[in-house]
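Here are the chains, one letter per residue:
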Amino acid sequence: MNALILKPGKEKSLQHRHPWVFSGAVERIKGEPQPGETVAVRDTHGAFLAYAAYSPQSQIRARVWGFRESEAVDAAFFRARLARAIELRQELDEVTDGMRLVHGESDGLPGLVVDRYGDTLVMQVLSAGMEHWRETLAGLLVELTACANLYERSDAEVREMEGLPVRKGILRGTLPAPLVIREHGLKFVVDVEKGQKTGFYLDQRDNRRRIGELAKDKDVLNCFCYSGGFSLSALQGGARSVLSVDSSAEALELARENARLNGLPEDRAEWQEADVFKALRLFRDQGKSFDLIVLDPPKFAPTAHHAANAARAYKDINLWALKLLRPGGLLATFSCSGGVSPELFQKILAGAALDAGVTAQVVGRFAAGTDHPAVLNFPEGEYLKGLLLRRVE
Ligand code: SAH
C-alpha cells in the first residue's frame, strides 16, 4: 500500500488520536497515491500509525480513517461508521425530525456532513477522501436511513482547499416543496437548495428552546435571525415583542413564512433587513431597549488566523447589545468560530462589558446539540459556544 512517512517526532498527534496529518509533518511519500486514496501513515522508522485519505492539495495532507492496522477501509467500514452515527441520533426522534446524522471527524467520518430533514438527506462531501467514496456513501445512506430523497450540497468553501469543485444537486428521489421539519413543537420550512449551510442551523436546536423558556412577557431582540429560529421560540414562549434583524432578504422571507406556518402572533413580530453592526447603534440612537437579546452571528473566524479581526467584531456587537439591555436583562451571545476558543470568547465579552460601562454576570452556557458532538481528541469539533449574561447594572 502507498504510504506517508512522517518526519521524526511528527507521529505524536496521531498517537494522541488527532485525525489530521499536516503537510509539514510528511517526510516522504511512498508510491503514487491519487487524491482521496487510502494510504498507510507510518513513523520515520516505518511503524504503522493509521490509515488515512490522501489529499495532495490541502494543508491537511491526510485525514485519518482509523488507527487499527487490521481494520480495512472498505464499504463495510463505512457502513459500520454510518450505522453507528445514525444510531446515536435516535434519541432525538421525539423532539425533531431535523438532525445532523454525521458530524465529520467527530463521528469518525472526516470530511462528511449529513443532515436529515424529514424524509430528505442532505450530504456535504468536504474532503478528497470522502469524494473518493461518494457513490458508496450515497448508496449506504439511503439504505441505512430508508430516506427517500438525497441531495448533495457540496458547495462549502473548504472544498476549494481540497482542490474539489463545487457540486450541488439531487442524487436520489426528489426534493419535497416545501420541505418542513418539526423541532420542539415548532415547524420550520427548510430550503436545502439555497439556504445557508445545508438549509438550517440544527446546532442551535436546544438553545432556541432555552430562549423560548426565558422569553415570557419580554421585549426580545434577535440579531442574525436567519429563518427565524430564536424568534419563533421566543414568540411561542410568550414574548411581548420580538424584533428580528438579518441582512439577508431571503432569510427574512423564510422567517416570515415560518412565523405564519406556526400561527404565531404576527402583531408581536417585527422583521428588519439590516446590518446588525449598524442597527444596534441606530437602536441606541432611537432610545430602544430590550429584556432579552440574542446574538448569533456568522462565523467571523473560521481559523485561529482570523481571531484578531473576529475579536473586534464580537466585541463590537456585544458592547452595543449590552448597552441596549435593560438592567436585569439577558444577553444570549454565541460564537460559532472554530478560531475563537471559549476562553477567548469570554475574555472578549469581559472587554465589551467594561467598555459598555456595564456589569454583567454569567448565568448560563450554551453548546451545540448532541447531534454535533466533539470527540475529546478533536477539540476543533467543538466550535459553537455561547454565554447567557445578565446585566446587573
Ligand atoms: N440564529 C440563526 C442562525 C444565524 S446564522 C438560527 O437559529 O437559525 C447567521 C445569520 O447572520 C445569517 O442569516 C446571515 O444572513 C446573517 N448575517 C451575516 N452578517 C450579517 C450582518 N452584518 N448583519 C445582519 N445579518 C447578518
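Figured I'd write up the structure that's included with this text. From a predicted model like this one, the values you see are computed outputs, not experimental measurements.

**A word on the overall build of the protein chain**
Broken down by element type, the protein chain carries 11 helices and 20 strands. Relative to a compact globule of 393 residues, whose C-alpha radius of gyration would be 21 Å, the protein chain shows 22 Å and is just as compact. Across its three principal directions, the C-alpha atoms of the protein chain cover 70 × 45 × 35 Å. For the protein chain, the share of sequence-separated contacts (at least 6 apart) that also reach a separation of at least 24 residues comes to 64%. Averaged over its 50 positive side-chain charges, the protein chain has a centre that lies 4 Å from the centre of its 52 negative ones.

**Considerations on the site of the ligand**
Around the ligand, a shell composed of 16 residues is seen, among which Arg208, Asp246, Asp275, Val276 and Asp296 lie nearest. Separating a nitrogen atom of the ligand from a backbone N or O atom of Phe224 is a distance of 3.4 Å. Contacts to the ligand include Val276, whose backbone N or O atom sits 2.9 Å from a nitrogen atom. Here the residues of the shell around the ligand are counted per class, giving 9 nonpolar, 3 polar and 4 charged.

**A few points about the packing of helix H6 (residues 205-214) against helix H7 (residues 229-236)**
Orientation of H6 relative to H7, taken along the N-to-C sense of each, is 35°, at an axis distance of 7 Å. Crossing of H6 against H7: the hand is right-handed. Every residue of H7 that contacts H6 at Asn207, Arg208, Arg209, Ile211 and Gly212 is listed here: Gly229, Phe230, Ser233 and Ala234. When grouped by side-chain class, the residues that make up the contact of H6 with H7 number 3 nonpolar, 4 polar and 2 charged.

**Focus: helix H8 (residues 249-261)**
In this model H8 runs 18 Å from its N-terminal to its C-terminal C-alpha over 13 residues, within 8% of the 18 Å that 1.5 Å per residue would give. Here H8 has its buried residues at Ala251, Leu252, Leu254, Ala255, Asn258 and Ala259. All buried residues of H8 project into a common sector of 160° when viewed along the axis, lining one side. Buried residues belonging to H8 abut strand E13 (186-189), H7, strand E15 (241-246) and strand E16 (269-273). A positive phi of about 60° marks Gly263, the residue just after H8.

**Things to note about the nonpolar core**
Formed by 38 residues in total, the largest nonpolar core has its most connected members in Tyr117, Ile211 and Trp271. Listing elements by their share of this core, those giving two or more residues are E13, H6, H7, H8, E16, strand E17 (290-295) and strand E18 (325-335). Among the elements that line this core, the one with the most residues is H7, at 4 residues. For this core, the domains that each give at least three residues are domain 2 (75-172) and domain 3 (201-391). Tyr117 has contacts with Asp97, Gly98, Val122, Leu179, Ile181, Val190, Val192, Thr198, Gly199, Phe200 and Leu202, leaving out every residue within four places of it along the chain. Formed by 35 residues, the second largest nonpolar core is a distinct cluster that contains Phe283, Trp320, Leu325 and Ala352.

**Here's the deal with the packing of helix H9 (residues 276-285) against helix H10 (residues 307-324)**
The geometry of H9 relative to H10 is characterised by a closest axis approach of 10 Å and an angle of 25° between their N-to-C directions. The orientation of H9 with respect to H10, classified from their angle, is roughly parallel. You can see that H9 and H10 cross each other, and the crossing is left-handed. Contacts between H9 and H10 involve Val276, Phe277, Leu280, Arg281, Phe283 and Arg284 from the former and Ala313, Asp316, Ile317, Trp320, Ala321, Lys323 and Leu324 from the latter. Counted by class, the contact of H9 with H10 contains 9 nonpolar, no polar and 4 charged residues.

**Here's the deal with the side chain of Asp296**
Counting through the fold element by element, Asp296 comes out in the loop between E17 and H10. At 6.2 Å, Arg208 is the nearest oppositely charged side chain to Asp296, a buried residue that forms no salt bridge. At 3.1 Å, the side chain of Asp296 and the side chain of Gln204 are in polar contact.

**Side note on helix H2 (residues 75-88)**
Along its 14 residues, H2 runs 20 Å from first to last C-alpha, staying within 8% of the 20 Å computed at 1.5 Å per residue. When we look at burial in H2, the residues that qualify are Phe77, Phe78, Arg81, Leu82, Ala85 and Ile86. Taken around the axis of H2, the buried residues stretch over an arc of 155°, which confines them to a single face. For H2, the elements touching its buried residues are strand E6 (60-66), strand E7 (98-103), strand E8 (112-117), helix H3 (128-132) and helix H4 (134-145).

Cut-off values and rules
Residues numbered from 1 in each chain as written. Predicted model: local features only at pLDDT ≥ 70, side-chain atom pairs only at ≥ 80, totals over all residues. Heavy atoms only, no water. Helix = DSSP H or I, 4+ residues; strand = E, 2+ residues; numbered from the N terminus. Rg over C-alpha atoms; globule rule 2.2 N^0.38 Å. Contact = heavy atoms within 4.5 Å. Lys, Arg positive; Asp, Glu negative; His and termini not counted. Charge placed at Lys NZ, Arg CZ, Asp CG, Glu CD. Near = heavy atom within 4 Å. Polar contact = N/O pair within 3.5 Å; in protein donor to acceptor, adjacent residues only side chain to side chain. Nonpolar A, V, L, I, M, F, W, Y, C, P; charged D, E, K, R; others polar. Axes fitted to C-alpha atoms, helices over the stretch in contact; angles between N-to-C directions. Left-handed = near helix turned anticlockwise from the far one by under 90°. Expected span 1.5 Å × (residues − 1). Buried < 20%, exposed > 50% of the residue type's maximum accessible area, 1.4 Å probe, protein only. Arc of directions from axis to C-beta. Core = buried A, V, L, I, M, F, W, Y, C linked by side-chain atoms within 4.5 Å. Domains from an automatic or database assignment. Parallel < 35°, antiparallel > 145°, perpendicular 65-115°, else oblique. Salt bridge = Lys/Arg side-chain N within 4 Å of Asp/Glu carboxyl O.

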